[in-house]
Amino acid sequence: MINEKIALYGGEPIRNSYLPYGKQWIDEEDIKSVKAALQSDFLTTGPILSKFEEKIARYVKVKHAVAFSSGTAALHAACFAAGIKKGDEVITTPMTFAATSNCILYMGGIPVFADINPQTYNISSKSVKSLITNKTKAIITVDFTGQPAEYEELVSIAEDHGIIIIGDAAHALGASYKGKSVGSITDMTMFSFHPVKHITTGEGGIITTDDDEFYQQLIDFRTHGITRDAKRLMNKGESWYYEMHELGFNYRMTDIQAALGLSQINKLQKFIEIRRNYADRYNKAFKDIDEIIIPFQHEDSNSSWHLYIIRLNINMLKTDRDEIFKALQKENIGVNVHYIPVYLHPYYQELGYEKGLCPQAESVFQEIITLPLFPAMSDNDLDDVIKAVKKVIAYYSFN
Ligand SMILES: *Cc1c(COP(=O)(O)O)cnc(C)c1O
């Protein structure tokens, strides 16, 4: 490899403009769809929302989908529907965004962190199994980077112990596991529509489920725990009458957002194809560079590639991840780190979780960098990332 002067030490950066790690794709169709919603009779909880929910349910092949104001709100609702109460233990992965375990805390539950599989970075089913107690109420999986979790093992653990599985599939819309769509594998599955995710509604999230009881709970929780369903009212009343049965929230998604989501779904297949194609090209560019470990893909899973993460072979480099990160930023490549193990955040440390709890997650965390990956990036953008990574790695390599 040629050794060029890196931008961190005064060399020319690979590009002049900053390339973010993720970004939405909005076109004229999206704008038309939102405009029509603004001119309709409903700005919230109208016919467009139902249409969006039906479309997502059909896409992942389940009976129900309930949309929320964010993916985080959706996770909160799923924990409510799963009946998580004070003192219940819920096993989850530390290699995720804080929202995955925060939703357990919202219900008074206790997050129990299982370590990750060092190959896939997904929650290790062996670790999950070893952490089951008689207080375990649920497992929350994450399809990290878009690669489905070890579902066969995880579902069988859940069945053996009569516990619920909630899938945090914020990364995995469009992914499949042994031919089954993510969204149809766990009792409830959450997708997020934040702008960096596969499709966006600005803010938004959804839960998919085949279970009628979970569905009813999700619907109630989204609107203050209030029902108007005559069959479920405890007292009789006039047609205006309604009852609050549970302590819910206002977690509704607007029709304006749903209109954006509906038009984004039309592009989902194209988005996923571009992501897969770009991930392939990264793999090809980096597979023969010993300093870089490309993302391992399990044969059971077909990832939808929300993130492309390289792991550094630190022993072969003269520096650490943080300097390589800084050097790539100086080349104007918007690299990122996903994620700091959740329990290392000060809030969780304050709760008593200790460093060293999940050694695999902690060591992977020290060595990973997320490269830009989104459908709206161009071939040239992709080439810039490849060039910058090769340049920076060559600079710091012992070879
Ligand atoms: C984005 C994300 C969330 C939260 O979704 P929001 O829609 O931003 O609330 C939860 N978990 C994971 C893994 C995510 O990536």
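Residues numbered from 1 in each chain as written. Predicted model: local features only at pLDDT ≥ 70, side-chain atom pairs only at ≥ 80, totals over all residues. Heavy atoms only, no water.

**Student:** How would you explain unusual backbone geometry if you had to name every residue and give the values?
**Tutor:** For the bond running from His338 to Tyr339, omega is -5 degrees, close enough to zero to count as cis. By the secondary structure assignment, Tyr339 is in the loop between helix H9 (321-330) and helix H10 (346-351). Phi is positive for Lys178, close to 45 degrees, though the residue is something other than glycine. By the element assignment, Lys178 lies in the loop between strand E6 (176-177) and strand E7 (180-181). Positive phi, normally seen in glycine, also occurs at His224, with a value near 65 degrees. Its location among the elements puts His224 in the loop between helix H7 (212-222) and strand E10 (226-227). (Helix = DSSP H or I, 4+ residues; strand = E, 2+ residues; numbered from the N terminus.)

**Student:** An account of the sheet that holds strand E3 (residues 110-113) is needed here, citing residue identities and associated values.
**Tutor:** Taken in spatial order, the seven strands line up as E1-E9-E8-E5-E4-E2-E3 in an open sheet, and their pairing is mixed. Of all the strands in the sheet, just strand E1 (64-68) and E3 have a single pairing partner and so form its edges. Each strand axis lies, on average, 25 degrees off the axis of its neighbour in the sheet, ignoring direction. Packing against the sheet, helix H3 (residues 71-81) makes contact with E1, strand E4 (136-142), strand E5 (164-168), strand E8 (188-192) and strand E9 (205-209), and its axis sits at approximately 170 degrees to E8. (Pairing = 2+ DSSP bridges. Axes fitted to C-alpha atoms, helices over the stretch in contact; angles between N-to-C directions. Contact = heavy atoms within 4.5 Å.)

**Student:** Any chance you could break down the UniProt feature "modified residue: N6-(pyridoxal phosphate)lysine" (unreviewed entry) in the chain for me, citing the residues and the numbers?
**Tutor:** Taking the UniProt record as the reference, the feature "modified residue: N6-(pyridoxal phosphate)lysine" (unreviewed entry) is found at Lys197. Assignment of secondary structure puts Lys197 in the loop between E8 and E9. The residues contacting Lys197, other than those within four sequence positions of it, are Ala170, Ser192, Arg275 and His306. (UniProt positions renumbered as here; feature names shortened; annotations may be inferred.)

**Student:** Tell me what's going on with helix H8 (residues 255-286), and back it up with residues and numbers.
**Tutor:** Here H8 contains 32 residues, and its C-alpha end-to-end distance of 43 Å stays within 8% of the 46 Å for a straight helix at 1.5 Å per residue. At Lys267, H8 shows its maximal bend, which comes to roughly 50 degrees. (Expected span 1.5 Å × (residues − 1). Bend = angle between axes of the 7 residues up to and from the residue.)

**Student:** Break down the site of the ligand for me, citing the residues and quoting the values.
**Tutor:** In the vicinity of the ligand lie 15 residues, with Gly71, Thr72, Asp168, Ser192 and Lys197 positioned nearest. A distance of 3.0 Å is found between an oxygen atom of the ligand and a side-chain nitrogen or oxygen belonging to Lys197. For the ligand, the protein covers 92% of the area, taking 380 Å² as the surface of the free molecule. Counting only elements with at least two residues in the shell around the ligand, the list comes to H3, helix H4 (99-106) and E8. Its residues assigned to classes, the shell around the ligand shows five nonpolar, eight polar and two charged. (Near = heavy atom within 4 Å. Polar contact = N/O pair within 3.5 Å; in protein donor to acceptor, adjacent residues only side chain to side chain. Areas by Shrake-Rupley, 256 points an atom, 1.4 Å probe, with all protein chains shown as cover. Nonpolar A, V, L, I, M, F, W, Y, C, P; charged D, E, K, R; others polar.)

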